[in-house]
Amino acid sequence: MLQAQKRPVHIYLEANPNPNSLKFVVNFMLADEGVSFDYPDQASTENSPLAHELFNFASVDRVFIASNFVTVTKKGDLDWIEIQDFIRDHIKKYLEAGKAAVQFNFDKDPLFDENDSETVKKIKGILDEYIRPAVEQDGGAIVFHSFQDGIVKVLLQGSCSGCPSSTVTLKAGIQNLLTRMLPEVKEVQAEGV
């Protein structure tokens, strides 16, 4: 009788601008490109058994899953060197068992809505093409929230949530890009920070 081969799982760690977050990068996709899942607490993990399990570590404060990585934000009282191997090993064993990091199906594209105004479509397009890849590289995500009276509101997720440099990224990077590319945009604000 043939046994199913376990998928080889390779994980490497990446630091990011948020000293309380660490990015655990996997050698395959965990979520669809451009889609992210942010878990601020264990109660919000209904569609991710992996995130649920990671909250069992007393040091874990937040879990974020996107493309091929899991960003874990720790509570401030421990150094990463004390806990990173335990978290990495747990993620590795979980994925080696063939379990999905996130169990979710979309009925439609979560990023784009046919009812969006032309300006909102352009804003989402710029965020997706120019901003998302750079922010994901740092273990986070920026998600469009709303656009009204020239103000774009975004949600900061993953390592961006609570990051000391997120205000600089928001104003110097994202706001400058959007106001330069779309004259109808006057300001960018982070929602729920």
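Residues numbered from 1 in each chain as written. Predicted model: local features only at pLDDT ≥ 70, side-chain atom pairs only at ≥ 80, totals over all residues. Heavy atoms only, no water.

(A) Layout of the environment of Asn20. By secondary structure assignment, the location of Asn20 is in the loop between β1 (11-15) and β2 (21-26). The class of Asn20 is partly exposed, set by a relative accessible area of 28%. With 58 residues separating them in the primary sequence, Asn20 and Leu78 have C-alpha atoms 9.2 Å apart. Every residue in contact with Asn20, bar those within four places of it in the chain, is listed here: Val72, Thr73, Lys74, Gly76 and Trp80. (Helix = DSSP H or I, 4+ residues; strand = E, 2+ residues; numbered from the N terminus. Buried < 20%, exposed > 50% of the residue type's maximum accessible area, 1.4 Å probe, protein only. Contact = heavy atoms within 4.5 Å.)

(B) Region of interest: helix α3 (residues 118-137). Over its 20 residues, α3 extends 28 Å from the first C-alpha to the last, a length consistent with the 28 Å expected when each residue adds 1.5 Å. Remark: the principal bend of α3, roughly 50°, maps to Ile131, with a proline, Pro133, within the next four residues. Those residues of α3 that sit buried are Thr119, Val120, Ile123, Lys124, Ile126, Leu127, Ile131, Arg132, Val135 and Glu136. In the stretch just after α3, Gly139 is the one whose phi turns positive, near 85°. (Expected span 1.5 Å × (residues − 1). Bend = angle between axes of the 7 residues up to and from the residue.)

(C) Fine view of the sheet that holds strand β8 (residues 187-191). Taken together, the 3 strands give an open sheet; going across it, the order is β6-β7-β8, and neighbouring strands pair in mixed fashion. Two strands lie at the open edges of the sheet, namely β6 (140-148) and β8, each paired on one side alone. Taking each pair of neighbouring strands and ignoring which way they run, the sheet shows an average axis angle of 30°. Direction of pairing for strand β7 (residues 151-158) relative to β8: parallel, over a ladder of 5 bridges. Each bridged residue has a counterpart across the sheet, and for Lys153 the counterpart in β8 is Gln189. (Pairing = 2+ DSSP bridges. Axes fitted to C-alpha atoms, helices over the stretch in contact; angles between N-to-C directions.)

(D) Structural view of the nonpolar core. Val63, Ile65, Val70, Ile87 and Ile91 are the most contacted members of the largest nonpolar core, which totals 28 residues. Every element with two or more residues in this core is listed here: β2, β3 (36-39), α1 (49-54), β4 (60-66), β5 (69-74) and α2 (80-96). For Ile87, the contacting residues outside a window of four places in its chain are Phe24, Leu54, Phe57, Val60, Val72 and Trp80. If you look at the next biggest cluster of nonpolar residues, it comprises 18 residues, including Ile126, Leu127, Ile142 and Phe144. (Core = buried A, V, L, I, M, F, W, Y, C linked by side-chain atoms within 4.5 Å.)

(E) Focus on the packing of aromatic side chains. Enumeration over the complete set of coordinates arrives at 2 aromatic pairs. The ring of Phe69 carries Lys23 above its face, with NZ or CZ at 4.5 Å from the centroid. (Phe/Tyr/Trp six-rings, centres within 6.5 Å; stacked < 30°, edge-to-face > 60°. Lys NZ or Arg CZ within 6 Å of the ring centre and 35° of its normal.)

(F) How the structure looks around the pairing of β5. Along β5, 6 of the 6 residues are buried, which leaves the element largely enclosed by surrounding structure. Pairing of β2 with β5, which is carried by 5 bridges, proceeds in the antiparallel orientation. Paired with Ser21 across the bridge in β5 is Thr73. The pairing of β4 with β5 spans 6 bridges and is classified as antiparallel. Across the sheet, residue Val60 finds its bridge partner in β5, namely Lys74. Where β4 folds back onto β5 in an antiparallel hairpin, the turn is made up of 2 residues, including Ser67, whose phi is positive at roughly 25°.

(G) Layout of α2. Between its terminal C-alpha atoms α2 stretches 23 Å, which fits the 24 Å expected from 17 residues at 1.5 Å a residue. Gly98 lies just past α2 and shows a positive phi near 80°.

(H) Layout of the sheet that holds β3. Strand order in the open sheet formed by 5 strands is β1-β2-β5-β4-β3, and the pairing between neighbours is antiparallel. The open sheet has two edge strands, β1 and β3, and neither has a second partner. Between one strand axis and the next, the sheet turns through 20° on average, direction left out of account. α2 rests against β1, β2, β4 and β5 of the sheet, and its axis sits at about 30° to β2.

Take it as geometry only, folks, not as evidence of what the structure does.
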